[in-house]
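Next come the chains, spelled out residue by residue.
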Amino acid sequence: MKKIILLLGFPVLSSILSGCQTENNSANQAEIINTVIQHKDVSPLILNSDIATISFSKAKNASPIVLEEAEKLEKLKQIISGAKKEKAIVNMANPNYYIEVIDTSNNKQHFHLWIGKEGQQSSLMNTDDTHTIYTVSEEMMDTVMELINVKWKREAIKT
């Protein structure tokens, strides 16, 4: 009789324990997936650490506006790094500005900038990841335009 109980009890006990283990693994996997999704959704637009210059040009081969002053570079770095990652399928027209960031080791990063109309956010895209856009508030975009000394009106910029 004890043998029958052991023979029947072992598979039942085993399945109960493995069920608990599977449930625990599923919970851990869900937690890991949620963490990855959360990090992906809030990941910042990362710039190289020691920036030497940031240049803005209206066309790829146009003469750029080059910034080298430490104070302006730091402010632009904060604005770009503070851009909010958006969930969307990206299909954008030509950008209003092409941005090139060069660090002190001469590494380059390239971005596209679309300026929003009055009351709208503007958009940034790292050219190494053309499937993701980042938004910049209207106020921050006004600061960018002041830093590069561009006299402009939002209504005049075609997006």
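Throughout what follows, the structure given in this document is the object of discussion. This is a predicted model, so every value here is computed, not measured.

What counts and what doesn't
- Residues numbered from 1 in each chain as written.
- Predicted model: local features only at pLDDT ≥ 70, side-chain atom pairs only at ≥ 80, totals over all residues.
- Heavy atoms only, no water.
- Helix = DSSP H or I, 4+ residues; strand = E, 2+ residues; numbered from the N terminus.
- Buried < 20%, exposed > 50% of the residue type's maximum accessible area, 1.4 Å probe, protein only.
- Contact = heavy atoms within 4.5 Å.
- Areas by Shrake-Rupley, 256 points an atom, 1.4 Å probe, with all protein chains shown as cover.
- Expected span 1.5 Å × (residues − 1).
- Arc of directions from axis to C-beta.

A separate point is the overall build of the protein chain. Within the protein chain, the secondary structure is distributed over 3 helices and 7 strands. Starting at the N terminus and ending at the C terminus, the protein chain contains elements arranged as α-β-β-α-β-β-β-β-β-α. Split into buried and exposed, the 159 residues of the protein chain put 30% on the buried side. Partitioning the contacts of the protein chain with sequence separation of at least 6, the portion at a separation of at least 24 is 54%. Accessible surface, the protein chain: about 10,900 Å² in total, of which carbon and sulfur atoms supply 55%.

If you trace the backbone, Leu-147 turns up in helix α3 (residues 138-147). Exposure remark for Leu-147: the relative accessible area of 14% places this residue in the buried category. For Leu-147, the residues in contact, after removing those within four places along its chain, are Leu-67, Lys-72, Lys-75 and Leu-76.

This next bit is on helix α2 (residues 70-81). Two residues of an α-helix separated by three or four positions point the same way, owing to the 3.6 residues in each turn. For α2, spanning 12 residues, the distance from its first C-alpha to its last is 16 Å, which sits close to the expected 16 Å at 1.5 Å a residue. Among the residues of α2, those classed as buried are Leu-73, Leu-76, Ile-79 and Ile-80. All buried residues of α2 lie within an arc of 130 degrees about the axis, which places them on one face of the element. For α2, exposure combined with an orientation more than 90 degrees from the buried face picks out Ala-70 and Glu-71. As for α2, its buried residues are in contact with β1 (51-57), β2 (65-67), β6 (122-126), β7 (133-136) and α3.

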